[in-house]
Amino acid sequence: MKRPGILASAYQEVQSILQDRWTLLMYVVTPVIWCALLFGLFAHGIIRDLPVGIVNLDEHPDALELEVKLDALPSVALVSMPDVDSAKDALLEGDIYAYIVVPNDWKATSGKPDGAALELFFPKTIYAIAVSLELDIKQALLSFQTESLQKLARVTGMTSKQADRATKAIVVHSVTLGNIAFNFQAYILPTLIPGILHLAVTLALVMRIIGHWHDKSIRKWCKTGGGPLGAYIGTALPWWAYFTSLGIVFIVLLTGYFGWFAQGSLLLWFAGFAVFMAVMCTLPMFLIGLFARFSPIIAVSVATGYIAPIFPYTGFSYPLDAMDGWVTWLAACFPFKHYFAFQGQVWMLDSPLSVTLLTLGKLCVFALIWVGIGYWLFRNSVRVAMFTEWQEARK
């Protein structure tokens, strides 16, 4: 028989997990399936073959050539429309994501003061898609227009080199750090995967511990762990190790297999994720201590409600600096926000060590609060449960 303590409690937890098919399915297998599904969903990452309507009212060969060049864009699949009304209807019905109108005599009047202009319609309510299409199409149109001007310049007697210099008096170099092509793989996965894992580790630990309340096995659980604290740490240890391992595998896949190289230290990133999982393992102590004497299952609902909706508060979809002041303060109350900042500092910015450690320090404050307040509440709740079990055993 193993000596009571943290390791004995951890061993018992592993044995219990392996014998409980429901726990294996829900908290060991399901998170992996969800992460794999997300990887599959964003396997390509780049937007491809989105239907874009085109109303070509000009029969000039250059207008037809423009169609060919636009259709060659990886993100665009041109759909010919007979008129503007048909394009509008298709956009409203969701059949296309944008549309382009080439007006009558567009080529013949091009460059003249009263010349007809191309019309582009992008619904900005679907922001990421609209912006990606807009950038791709406008770059293609700029390239097409430059080629047309170079042809015109050569007609006037210029050499190819002179024509190139004349049409490129101003050259704009667009530099994007990190995600150059707005790849959804690099944009979404580093937010969703850690988010799923920190929710899963919290729910797994909450459910496993309140299971002892449900089974009326608190006394046995505490005896194995040598007390409430040892039993808690021993139960949390396998879950922390498992979800930390999943997070490290994700980081390796992201920076290795998928090629999104880290600018900073991978070891620091691994350590930071391990700290993040450790911090989340302290939340169940606070929640169970707070709600166990009323109904332990409330802790599950509160954990889900606290963690699940927080993704927008990381700043990945909308900058925190653009939010109202009170929202910024609210975002600081979620540990994921601080881990997300740490992840960006290591992955993309290679921030100084003092900056990343300060961010991790902010993350650790949550553990100090949850353990500082939660342990006292948790210990009292365990004592009440043990006394209740003792009374029922006497009956």
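Now for a quick tour of the structure. Here the structure is a predicted model, which is why all the values come from computation and not from measurement.

What counts, and where the lines are drawn
- Think of each chain on its own: its residues are numbered from 1, step by step along the sequence as written.
- This being a predicted model, a pLDDT of at least 70 is required before a residue's local features are given, and a value of 80 or more before pairs of side-chain atoms are given or counted; all residues contribute to the totals for chains, interfaces and linings.
- Hydrogens and water are ignored here; the side-chain numbers use all heavy atoms of the structure.
- Helix axes are fitted to C-alpha atoms over the stretch in contact, other axes to C-alpha atoms as well, and angles between N-to-C directions run from 0 to 180 degrees.
- Under the DSSP-based scheme used, a helix requires at least four consecutive residues in state H or I and a strand at least two consecutive residues in state E, with every element numbered from the N terminus.
- Angular relationships are summarised with four words: roughly parallel below 35 degrees, roughly antiparallel beyond 145, roughly perpendicular across 65 to 115, and oblique for the angles in between.
- If you view the pair so one helix is near and one far, a crossing is left-handed when the near helix is turned anticlockwise from the far one by less than a right angle, and right-handed when it is turned clockwise.
- In this description, contact between two residues means that some pair of their heavy atoms is separated by no more than 4.5 Å.
- Lys, Arg, Asp and Glu make up the charged group, whereas Ala, Val, Leu, Ile, Met, Phe, Trp, Tyr, Cys and Pro make up the nonpolar group; the residues left over, Gly among them, are polar.
- Here a strand pair is declared whenever DSSP counts at least two bridges between the two strands.
- The patch calculation keeps residues exceeding 30% relative accessible area without a salt bridge and links them within 9 Å when they carry like charges or within 5 Å when they are nonpolar (Val, Leu, Ile, Met, Phe, Trp, Tyr).
- Exposure was quantified through the Shrake-Rupley algorithm and a 1.4 Å probe, taking into account, for residues, occlusion by the shown protein chains and nothing else.
- We count a salt bridge whenever a side-chain nitrogen from Lys or Arg sits within 4 Å of a carboxyl oxygen from Asp or Glu.
- Within this scheme the basic residues Lys and Arg register as positive and the acidic residues Asp and Glu register as negative, but His and the chain ends are omitted.
- Positions of charges follow a simple convention, taking NZ of Lys, CZ of Arg, CG of Asp or CD of Glu.
- The classification of residues rests on relative accessible area computed with a 1.4 Å probe and restricted to protein chains. Under 20% of the type maximum is buried, over 50% is exposed, and intermediate values are partly exposed.
- When the strands point away from the viewer, a crossover counts as right-handed if the route from the first strand across the helix to the second turns clockwise.

1. Remarks on the packing of helix H7 (residues 184–215) against helix H11 (residues 283–291)
One can describe the packing of H7 onto H11 by two numbers: an axis separation of 9 Å at closest approach and a directional angle of 40°. Comparing the axis directions of H7 and H11 gives the class oblique. The crossing of H7 and H11 is right-handed. Contacts between H7 and H11 involve Thr202, Leu205, Val206, Ile209, Ile210 and Trp213 on the former and, on the latter, Leu283, Pro284 and Ile288. Looking at the contact of H7 with H11 residue by residue, the class counts come to 8 nonpolar, 1 polar and no charged.

2. Points about the packing of helix H8 (residues 218–225) against helix H9 (residues 228–257)
Between H8 and H9, the least distance of the axes is 7 Å, while the angle of their chain directions is 85°. Relative to H9, the element H8 lies roughly perpendicular. Contacts between H8 and H9 involve Trp221, Cys222 and Gly225 on the former and, on the latter, Pro228, Gly230, Ala231, Tyr232 and Thr235. Of the residues that constitute the contact of H8 with H9, the class distribution is 5 nonpolar, 3 polar and no charged.

3. Remarks on the sheet that holds strand E1 (residues 50–56)
Spatially, the 4 strands line up as an open sheet ordered E2-E1-E3-E4, and their pairing is mixed. The sheet terminates laterally at strand E2 (76–80) and strand E4 (119–121), the two strands that pair on one side only. Ignoring which end each strand starts from, the neighbouring axes of this sheet average 25° apart. Note: E1 against strand E3 (residues 98–102), 5 bridges, orientation parallel. Bridge pairing in E3 links Ile54 to Ile100. Across the face of the sheet, helix H3 (residues 61–71) comes into contact with E1, E2 and E3 while running at roughly 140° to E2. Each of E1 and E3 touches helix H4 (residues 84–92); the most contacted strand, E3, lies at about 170° to it.

4. Quick look at a negative patch on the surface
The grouping of Asp83, Asp85, Asp89, Glu93 and Asp95 at the surface amounts to a negative patch. Summarising the element assignment, Asp83 is placed in the loop between E2 and H4. On the basis of relative accessible area, Asp83 is assigned to the partly exposed category, the value being 34%.

5. Details of the pattern of salt bridges
One pass over the full model with this rule turns up 4 salt bridges. With its nearest N and O atoms 2.8 Å apart, the salt bridge here joins Glu13 to Arg208. Within this pair, whereas Glu13 is found in helix H1 (residues 6–19), its partner Arg208 is found in helix H7, the two being separated by 195 residues in sequence. We classify Glu13 as buried; its relative accessible area is 4%. For Arg208, the salt bridge goes to Asp20, with nearest N and O atoms at 3.9 Å. Of this pair, Arg208 sits in helix H7 while Asp20 is found in the loop between H1 and helix H2 (21–41), placing the two residues 188 residues apart along the sequence. Overall, Asp20 belongs to the partly exposed group, its relative accessible area being 27%.

6. Focus: the side chain of Thr191
By the element assignment, Thr191 lies in helix H7. Classification of Thr191 by relative accessible area gives buried; the value is 1%. When sequence neighbours within four positions are dropped, the list of residues in contact with Thr191 reads Phe311, Thr314, Phe316, Phe336 and Phe340.

7. Comments concerning the pairing of E1
Within a regular strand, side chains alternate between the sheet's two faces. With 6 of 7 residues buried, E1 lies mostly within the body of the structure. Note that E1 and E2 share 5 bridges and pair parallel. Pairing of Ile54 across the sheet is with Ser80, part of E2. Following the chain from E1 across H3 to the adjacent parallel E2, one finds a crossover that is right-handed.

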